[in-house]
Amino acid sequence: NSKVGARHADPLVGVMDSGNSRRHVFKNPDFFPYGWRMKEIKITGVHGPETKMVGIGPTKVHMMCENGTEVVLCNRESVYKPDCPVNLLCQNLVEYSDTGVQTGMEVRYLRQSLELSQGGRIRMPYDEASMLYIVHIKPEHSRKYTPLHTRPNFRYNSRTGYTSMYTSPSQPDLCTTGN
């Protein structure tokens, strides 16, 4: 069944990436509620290091615990790369904020979950078709995934360098406590 193998490529699924130690990577622009700035960076993948032009910006990722509690994972410098085949969640940034503060989440591969220090648990099933651990995620503003060019508020702010999809183009101060 091709749909089973494609679960990891869903725009609302994140693949837990233990080999990535720097940034989350999203193919879905909805995870960037304040937009992004374009920047040339070196990305090291399976084909070795490559220099690519990508979007860099703050993200908010919502995940649902088994008990119905919603957890928000924030990061100041995630990568927007629409041609990336999957959304990649950096394991290091799930467990520690970009300022080095523990987030209270721990990746537990054998238990197929993210364990929360407060006792909650987020399912992280192993997808046998892709051989990857996946997490169901959603953006700050739940809405249908649509291409950028169809968004009415899409614009570039020359003052901040961020591409904004919403009416407020200012860059937020996200995740100062790691929550």
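Residues numbered from 1 in each chain as written. Predicted model: local features only at pLDDT ≥ 70, side-chain atom pairs only at ≥ 80, totals over all residues. Heavy atoms only, no water.

(A) Structural detail: the packing of aromatic side chains. The full count for this structure, using the stated rule, is 7 aromatic pairs. Seen in terms of ring centroids, Trp36 and Tyr80 are 4.4 Å apart; in terms of plane orientation they differ by 40°. Their pairing is tilted. Linking Trp36 in the loop between strand 2 (25–26) and strand 3 (37–45) with Tyr80 in strand 5 (residues 70–80), this pair joins segments that are 44 residues apart in sequence. No difference in accessibility class separates Trp36 from Tyr80, as the two residues are buried. Every member of this aromatic cluster is reached through a ring pair, and the members are Phe26, Phe31, Phe32, Trp36 and Tyr80. (Phe/Tyr/Trp six-rings, centres within 6.5 Å; stacked < 30°, edge-to-face > 60°. Helix = DSSP H or I, 4+ residues; strand = E, 2+ residues; numbered from the N terminus. Buried < 20%, exposed > 50% of the residue type's maximum accessible area, 1.4 Å probe, protein only.)

(B) Summary view of the nonpolar core. One finds Met63, Met105, Leu114, Ile122 and Val135 to be the most contacted residues of the largest nonpolar core, which totals 21 residues. Where this core is concerned, the elements lending two or more residues are strand 4 (48–64), strand 5, strand 7 (105–108) and strand 8 (113–116). A per-element tally of this core places strand 5 first, with 3 residues. Non-local contacts of Met63, meaning those with residues more than four positions away in its chain, are made with Thr69, Glu70, Val71, Leu73, Met105, Leu114, Ile122, Val135, His136 and Ile137. (Core = buried A, V, L, I, M, F, W, Y, C linked by side-chain atoms within 4.5 Å. Contact = heavy atoms within 4.5 Å.)

(C) Seen up close, the pattern of salt bridges. This model, assessed by the stated rule, comprises 9 salt bridges. We note a salt bridge from Glu140 to Lys60, for which the minimum N-O separation is 3.9 Å. Of the two residues, Glu140 is situated in the loop between strand 12 (138–139) and strand 13 (155–156) and Lys60 in strand 4; the sequence distance between them amounts to 80 residues. Lys138 is the salt-bridge partner of Glu70, the closest N and O atoms lying 3.2 Å from each other. Here the residue Glu70 occupies a position in strand 5, and Lys138 occupies one in strand 12, the gap between them amounting to 68 residues. Classification of Lys138 as partly exposed rests on a relative accessible area of 30%. In the salt-bridge network here, residues are joined through shared partners; they are Arg23, Arg37 and Glu77. (Salt bridge = Lys/Arg side-chain N within 4 Å of Asp/Glu carboxyl O.)

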